[in-house]
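Notes for the structure review
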Amino acid sequence: MQHIFTVDLRILNTASPQTYAGIVDSWAAMLMGVLAGSIPWYTMMVLHKKISFIKQVDDTLGVLHTHAVAGLLGGLSAGIFAKPNLVKLFYNSNIYKQGPGLLYSIINTNEEVHVHDGFKQMGYQLVGAMFIAAWNIVVTSLVCIFVSRLVDLKMHEDDLEIGDDAVHGEEAYALWGDGQRHPPAIFRRTATRV
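All residue numbers refer to position in the chain's written sequence, counted from 1. Confidence filtering applies because this is a predicted model: local features only for residues at pLDDT of at least 70, side-chain atom pairs given and counted only at 80 or more, and all residues used for totals across whole chains, interfaces and linings. With hydrogens and water set aside, each side-chain value is computed from the structure's full complement of heavy atoms.

**A closer look at the packing of aromatic side chains**
Centre distance within 6.5 Å is the pairing criterion for rings of Phe, Tyr and Trp, where only the six-membered ring of Trp is used; planes under 30 degrees apart are then read as stacked, over 60 as edge-to-face, and the remainder as tilted. For the structure on display, the rule yields 2 aromatic pairs. Arranged with centres 5.7 Å apart and planes meeting at 80°, the rings of Trp27 and Phe81 form a pair that is edge-to-face. Of the two residues, Trp27 is situated in helix α2 (residues 26-50) and Phe81 in helix α4 (residues 63-81); the sequence distance between them amounts to 54 residues. Comment: elements are numbered from the N terminus, with helices defined as DSSP H or I runs of at least four residues and strands as E runs of at least two.

Quick look at the structure:
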């Protein structure tokens with residue numbers, strides 16, 4: 001169940017903002033959805049097991065793959081597939097000049113769209129992705145430093161050996177018959193027959 005939810009979240013992280021923004025065609029949004037379901041899954045299920053640095057990170061929920069990989073994929077895909085006339089409709093071109101997607105700047109024969117505009121837009125997408133990554137690193141580090149002053153960020157080794165049950169007293173993803181706790185029985189009054 002978690003894998004299905006994670007794939008859905010990856011697709012939302014990648015495809016939805018660009019589709020709602022209206023800067024990519026429907027076929028590009030569908031292709032972005034297919035890529036969003038497969039590339040982050042591949043990084044989580046295959047590359048995660050092969051790259052030694054990522055193996056050391058305790059990423060139980062696949063946050064790196066679900067948000068970082070899918071978000072980067074979405075941003076770069078928007079820079080590749082942004083259609084010039086949709087960009088003009090979305091960003092009033094008289095006020096704000098946005099470049100077309102790289103794909104349309106290469107295949108378009110229009111005098112108004114040039115290849116260097118597509119590469120320029122991809123540069124903006126990459127700079128935006130680097131800014132977001134740097135922002136997340138700085139803000140997350142500050143939050144962790146602040147929280148570590150109040151409580152420990154890591155459980156004690158003894159508690160880690162036992163698991164979360166030692167701290168919380170409950171079991172995550174308890175299936176029926178597998179440690180599931182039942183609420184106390186409620187006594188009902190029933191009429192007795194004579």
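**Looking at α2**
Look at α2: 35 Å from first C-alpha to last across 25 residues, which is about the 36 Å you get at 1.5 Å a residue. One axis is fitted to the seven residues ending at the residue and one to the seven starting there. The bend at that residue is the angle between these axes. The sharpest bend along α2 reaches about 35° and sits at Met44. Every buried residue of α2 is accounted for by Ala28, Ala29, Met32, Gly33, Ala36, Gly37, Pro40, Thr43, Met44 and His48. To estimate how far a helix should extend, the number of its residues minus one is multiplied by 1.5 Å. Working definition: with a 1.4 Å probe on protein chains only, accessible area under 20% of the residue-type maximum means buried, over 50% means exposed, and in between means partly exposed.

**Describing the packing of α4 against helix α7 (residues 115-150)**
Inter-axis angles, ranging from 0 to 180 degrees, are taken between N-to-C directions of lines fitted to C-alpha atoms, where helices are fitted over the stretch in contact. Contact geometry for α4 and α7: axes closest at 8 Å, N-to-C directions at 165°. Here α7 runs roughly antiparallel to α4, going by the angle between their axes. The hand of the α4/α7 crossing is right-handed. Note on element contacts: α7 touches α4 through Met122, Gln125, Leu126 and Ala129, opposite Leu72, Gly75, Leu76, Ala78, Gly79 and Ile80. Lys, Arg, Asp and Glu make up the charged group, whereas Ala, Val, Leu, Ile, Met, Phe, Trp, Tyr, Cys and Pro make up the nonpolar group; the residues left over, Gly among them, are polar. The class makeup of the residues in the contact of α4 with α7 is 7 nonpolar, 3 polar and no charged. Any angle between 65 and 115 degrees counts as roughly perpendicular, while under 35 counts as roughly parallel, over 145 as roughly antiparallel, and the rest as oblique. For a crossing to be left-handed, the near helix must be turned anticlockwise from the far one by less than a right angle; the clockwise case is right-handed. Two residues form a contact once any of their heavy atoms are found within 4.5 Å.

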